[in-house]
Amino acid sequence: MKKASFKVAALTKAALLLLTTCIYSCDTYSIKTSEIQQQISTGQFKTASDLADQNKFLRKKRNRLLYYLEKGKIEHMAGNYALSNTWFEKAYVLVDDGIKTDAAHAVAANLTNPMAAPYKGEDFEKVSMHYYMALNYFMLGQPDEALVEAKRINIKLLQLNDKYQNHKNKYTTDAFSQILQGIIYEASGDVNNAFIAYRNAEEIFSANGNSYFGVPMPDQLKQDLVRTARTLGFTEEYNQYIKKYNLSPTPLQTSDAEAIIFWENGQGPVKDQIVVTASGAGSFFYGSYMEDGVVHDILLPIPFGTNLGSINAIAIPKYNRSYSYYTKASVITNGTEKYFQPAEDYYAIARQCLQDRMLREAVNMAVRFASKKAGSAILGEIATQALGKDGGDLVKLGADAAGAITEKADTRNWQSLPATISYVRIPLENKPQNKIVLKKYGAGNVIDTDTITLPYKKGLQIVNYFDLGRTQVLPTVPTDVKADSPTATNPGKEIIVKPEEKYAVKYGKWTDTPEGISYKLEYFPQQNQDKTYWGKKVLFKTNSVKSVKITYAITDVPYNGKMKVVSLDEFENLKDAGKAKDTYYYLTDIIKPGTETPGWYPAIQEKADVYVTILKREEL
């Protein structure tokens with residue numbers, strides 16, 4: 001009896017270890033760092049940097065690469081270019097030296113999920129740091145160093161791809177990096193190499209049907225190509241591109257001072273997961289899932305001797321496109337409006353890099369699956385000896401279930417990257433200050449404006465401007481915003497706008513719901529010309545002893561079952577088509593016991609009135 005009790009105790013301890021690991025690993029990376037992203041989205045970069053230092057998950061040794069990348073990007077946005085490059089250099093050294101997975105981490109990853117292993121970065125993340133290092137160096141007045149970093153993007157992509165024996169990356173070159181090289185060469189006065197870089201970018205687009213990873217060939221690239229060809233006297237190439245793209249004859253450059261404005265819009269794609277429940281057939285594990293309306297098959301080799309058991313689950317990482325408030329933007333200078341042209345779409349690149357990696361790592365996923373099955377078989381055998389066959393079968397079933405629960409995809413990713421990067425090229429007048437008006441187009445025919453001032457300076461200037469959500473456009477801004485901050489407009493007195501009393505009582509206090517969820521709302525007014533819009537942010541907490549996943553909607557009228565409520569992606573598509581009127585979107589969040597969870601997306605609505613409706617509740 002003592003022997004049996006000992007085995008049951010050992011069995012119980014093992015099961016508790018599995019379940020504890022499960023509970024610890026349930027959150028995705030975006031949830032674990034949501035507070036940092038919230039501060040970034042509101043321009044509070046110092047606070048965001050401090051929170052990154054304090055974030056226990058981000059500071060774990062296995063997450064060092066992510067910590068360096070997030071710190072580098074935060075300091076870049078704060079205008080601390082030298083400090084930003086210090087962090088990116090640490091990330092570069094880490095990637096270049098190769099991030100190794102030791103035996104202990106490998107075992108932990110196989111028995112639980114890949115987030116137990118060191119994060120090695122997606123390929124596009126490994127090269128994107130060089131884009132920001134190039135900008136940093138340029139802002140620091142070091143164009144030669146900036147050019148080195150711009151060149152490293154394609155060099156690193158080629159090096160990475162050379163290592164892959166099978167299922168090589170489709171993302172092997174980066175057209176935007178060639179455009180960046182051309183811009184930096186021009187800024188340095190090297191028109192010949194600028195032409196070569198522009199030509200390389202054109203060849204990438206041309207070889208891919210004039211569109212590369214969701215980005216059509218920019219008209220600005222065509223214009224830069226023919227302009228530099230004419231400047232150099234390359235008549236044959238000039239005529240070739242004029243004819244190929246049906247362009248008007250391009251005059252020689254008439255302005256001796258120009259500016260390139262990069263516009264980073266929104267926040268980068270969020271890595272999530274799909275858990276596929278599948279069955280074994282022959283020597284393969286087969287399942288399928290749907291993403292963006294397309295059915296994808298997953299076929300993994302089943303290691304020899306693996307007992308499939310009763311419950312099978314494989315977690316597949318996936319990227320979700322983040323919500324960007326603005327759909328397009330332009331600059332107005334000298335009475336002329338010129339639109340920003342897309343140059344990089346991180347969602348399209350991230351998704352392709354992930355799909356290519358998943359094909360290469362099918363065997364690793366199968367090994368993780370087999371390791372969990374082997375663990376449940378051992379627990380089942382111990383239980384059989386202690387409790388008999390029925391008890392052994394029951395414990396093995398429970399261990400299989402625990403293995404399925406702990407099966408999580410690696411949802412870590414460089415979250416502070418933008419959704420898209422666009423650019424525009426404008427001439428500057430020979431006067432002390434050139435005022436450039438940025439015009440940004442958002443939901444519901446909303447147009448926001450901002451003004452940046454550029455000095456006249458011969459040559460080519462570069463400006464990096466970003467919108468992480470919706471810019472708060474007011475005639476004046478709070479006095480505590482620094483004038484040289486990347487998000488500052490015109491310093492002055494703060495204008496305070498409040499909702500009328502009957503709506504204001506809904507904000508700033510906790511409200512309980514029948515689902516055991518409590519929420520608290522905050523608001524921030526957004527002024528667009530003569531109209532005020534209301535941004536609504538929500539905090540959640542739960543009285544449950546377990547983590548809870550909720551699906552919810554924020555509406556400005558009482559919710560009813562006849563309302564049109566769609567996913568955020570569907571809402572964006574309807575908005576782009578001008579069909580989003582009277583339509584709302586639903587969101588999901590995971591709420592942990594004892595914590596206050598900030599909702600990810602603020603709703604921007606015309607009415608100050610607000611209603612939060614829990615559409616679905618699931619205990620994890």
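Throughout what follows, the structure given in this document is the object of discussion. (Residues numbered from 1 in each chain as written. Predicted model: local features only at pLDDT ≥ 70, side-chain atom pairs only at ≥ 80, totals over all residues. Heavy atoms only, no water.)

**Notes on the overall build of the protein chain**
When its secondary structure is counted, the protein chain shows 18 helices and 24 strands. Looking at the 620 residues of the protein chain, the share that counts as buried comes to 52%. Within the protein chain, counting contacts between residues at least 6 apart in sequence, those at least 24 apart form 70% of the total. If you sum the accessible surface of the protein chain, you get close to 28900 Å²; carbon and sulfur atoms cover 53% of it. (Helix = DSSP H or I, 4+ residues; strand = E, 2+ residues; numbered from the N terminus. Buried < 20%, exposed > 50% of the residue type's maximum accessible area, 1.4 Å probe, protein only. Contact = heavy atoms within 4.5 Å. Areas by Shrake-Rupley, 256 points an atom, 1.4 Å probe, with all protein chains shown as cover.)

**Concerning helix H8 (residues 123–139)**
Its 17 residues place the ends of H8 26 Å apart at the C-alpha level, agreeing with the 24 Å of an ideal helix rising 1.5 Å per residue. In terms of residue burial, H8 counts as a mostly covered element, since 16 of its 17 residues are buried. Taken from the residues just after H8, Gly141 is the one with a positive phi, measuring 80°. (Expected span 1.5 Å × (residues − 1).)

**Observations regarding the nonpolar core**
Counting 86 residues, the largest nonpolar core has Phe124, Tyr131, Tyr171, Ile183 and Phe262 as its most contacted members. Broken down by element, the residue count for this core peaks at 10 residues, all from H8. Excluding residues that lie within four positions of it along the chain, Phe124 makes contacts with Tyr171, Tyr319, Tyr346, Ile349, Ala350, Cys353 and Leu417. Counting residues in each nonpolar core, the second largest holds 44 residues, with Tyr323, Ile517, Tyr552 and Leu587 among its members. (Core = buried A, V, L, I, M, F, W, Y, C linked by side-chain atoms within 4.5 Å.)

**Concerning the side chain of Lys156**
With respect to the helices and strands, Lys156 occurs in helix H9 (residues 143–162). Residue Lys156 is classed as buried on the basis of its relative accessible area, which comes to 8%. Sequence-distant contacts of Lys156, that is, excluding residues within four places in its chain, are made with Val95, Asp96 and Val127.

**A short note on the sheet that holds strand S10 (residues 336–339)**
Reading across the sheet, the four strands line up as S10-S9-S13-S14 and stay open at both edges, with antiparallel pairing between neighbours. With partners counted over all chains shown, the strands left at the sheet margins are S10 and strand S14 (447–455), one partner each. Direction aside, the axes of adjacent strands within the sheet are offset by 25° on average. Sheet analysis places strand S9 (residues 328–333) next to strand S13 (residues 433–441), joined by five bridges and oriented antiparallel. Looking at S13, one finds that Val331 is bridged to Leu438. (Pairing = 2+ DSSP bridges. Axes fitted to C-alpha atoms, helices over the stretch in contact; angles between N-to-C directions.)

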